[in-house]
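Residue-level structure breakdown
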Amino acid sequence: MKNSSINKSNKLTHTILIVGAMIMIVPFLWMVLTSIKTVAESTQIPPKIFPNEIMWNNYPAVMKILPFTSFYINTILMIIGRVLGSVLFSAMAAYACARLKFPGKNIFFGLVLFQMMIPGQLFIIPQFLIVQKLGLLNTVSALIIPGVVSAFGTFLLRQFFMGLPKDLEEAAKLDGCTIWQTFYKIMLPLARSGLVALGIFTALFSFKDLMWPLIVNMSIDKMTLSSGLASLQGQFATNYPQLMAGSLLAIWPMLLLFIIFQKKFIEGIATSGGKL
């Protein structure tokens, strides 16, 4: 009877999860179907689910309207720059907050947590003025600079370093390792899951960042995928099939990234929540 009850509970759980997954897939399927419709079919009421004729020409049409090659290059450069900067600086700050003793450590980490509580929109004007003074408007560097330091990354990696045994550091000191050698050769490789998780988080946050790329880069050749797609939204009318086709062309890199690093992503999130 106990096994039967467990089986029923598992079936119910799986049924609920399957239904939830199907509900979440519906918007993606609707985007795919809309991308192969005509404009009339995409705005028809009641909504038309399947098109009468598949309109594959929406994809080459949107690629002629927008320079997707430049969008991909700018987005990739932005993601790489932000991921490298965030992982490097966050790892060093997190290790200092977790394992080193220095005056004002708690105050410093409190400021990091305080920065996480402030809405990011409040930093847009100061960041814009800094970028403007540096003469970096309409450049890829303007896209990278705000993301090279991450308070979230510092907090996330601190959890990993706090979970590592102190015996490793003591053994490294006995072997004559400096603080930098202990961090670089021993502690950093052990936090690999956290570094991968932070890298994936940073890549996702950078990919969907819309407001900052729209503010600092006015030239169409310097825009990212998100800001470039925003230009397809018309003031009075929008070609929804082309917009959905462009969206599909834009999201496939992130889907591929998640599929490849799915195991590391889940492992990093699970481990980071293990100790606070």
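Predicted model, so just to flag it, every value in this text is computed and none were measured. (Residues numbered from 1 in each chain as written. Predicted model: local features only at pLDDT ≥ 70, side-chain atom pairs only at ≥ 80, totals over all residues. Heavy atoms only, no water.)

Overall, the coordinates contain 13 aromatic pairs when judged by the stated rule. Taking 6.4 Å as the distance between ring centres and 20° as the angle between the ring planes, the aromatic pair formed by Phe109 and Phe155 counts as stacked. Placement of Phe109 in helix α5 (residues 105–117) and of Phe155 in helix α8 (residues 151–163) is noted, with a sequence separation of 46 residues between them. Judged by its relative accessible area of 10%, Phe109 is buried. If you follow Arg158 out to its NZ or CZ, it ends over the ring of Phe109, 4.0 Å from the centre. (Phe/Tyr/Trp six-rings, centres within 6.5 Å; stacked < 30°, edge-to-face > 60°. Helix = DSSP H or I, 4+ residues; strand = E, 2+ residues; numbered from the N terminus. Buried < 20%, exposed > 50% of the residue type's maximum accessible area, 1.4 Å probe, protein only. Lys NZ or Arg CZ within 6 Å of the ring centre and 35° of its normal.)

On the surface, Leu88, Phe89, Met92, Val149, Trp180 and Tyr184 cluster together to form a nonpolar patch covering roughly 630 Å² of accessible area. Mapped onto the elements, Phe89 comes out in helix α4 (residues 68–99). What makes Phe89 partly exposed here is its relative accessible area of 41%. (Patch = residues over 30% accessible without salt bridge, like charges linked within 9 Å, V, L, I, M, F, W, Y side chains within 5 Å. Areas by Shrake-Rupley, 256 points an atom, 1.4 Å probe, with all protein chains shown as cover. Salt bridge = Lys/Arg side-chain N within 4 Å of Asp/Glu carboxyl O.)

Scanning all chains against the criterion turns up two salt bridges. The salt bridge partner of Asp209 is Arg82, with a shortest N-O separation of 3.3 Å. Residue Asp209 is located in the loop between α11 (192–207) and α12 (211–216), and its partner Arg82 is located in helix α4; the two are separated by 127 residues in the primary sequence. One salt bridge connects Glu169 with Arg99, and the closest N-O pair in it is separated by 3.0 Å.

Attention now moves to the domain arrangement of the protein. Assigned domains within the protein: domain 1 (15–55) and domain 2 (58–273). Distance from the C-alpha centre of domain 1 to the C-alpha centre of domain 2: 32 Å. Of the residues lining the interface, twelve residues belong to domain 1; the matching set on domain 2 comes to eleven residues. Across the domain 1/domain 2 interface, buried area totals approximately 840 Å², and carbon plus sulfur atoms make up 74% of it. Interface area lost by domain 1 to domain 2 is led by Met31, Ser35 and Val39, which between them contribute 51%. Along the contact surface separating domain 1 from domain 2 lie zero salt bridges. The tally of links between domain 1 and domain 2 comes to four residue pairs in polar contact (both at pLDDT 80 or more). Looking at the side of domain 1 that touches domain 2, the elements that each hand over two or more residues are α1 (2–34) and α2 (39–42). Looking at which element gives the most residues to the side of domain 1 that touches domain 2, the answer is α1, with four residues. (Domains from an automatic or database assignment. Contact = heavy atoms within 4.5 Å. Buried area = accessible area lost by both parts, 1.4 Å probe. Polar contact = N/O pair within 3.5 Å; in protein donor to acceptor, adjacent residues only side chain to side chain.)

Moving on, we come to the side chain of Lys105. Its place among the elements puts Lys105 in helix α5. Glu169 is the oppositely charged side chain nearest to the buried, salt-bridge-free Lys105, at an N-O distance of 9.8 Å. (Lys, Arg positive; Asp, Glu negative; His and termini not counted.)

A word on the side chain of Thr75. Tracing the backbone shows Thr75 in helix α4. Those residues in contact with Thr75 that sit more than four places away from it in its chain are Phe207, Thr224 and Leu225.

Let us look at the UniProt feature "transmembrane region" (unreviewed entry) in the protein. Under the UniProt annotation, "transmembrane region" (unreviewed entry) lies at residues 12–33, 71–95, 107–130, 136–157, 195–220 and 240–261. Secondary structure content for residues 107–130 is 75% helix and 0% strand, and the end C-alpha separation is 26 Å. Here residues 240–261 is 95% helix and 0% strand, with 32 Å between the C-alpha atoms at its ends. (UniProt positions renumbered as here; feature names shortened; annotations may be inferred.)

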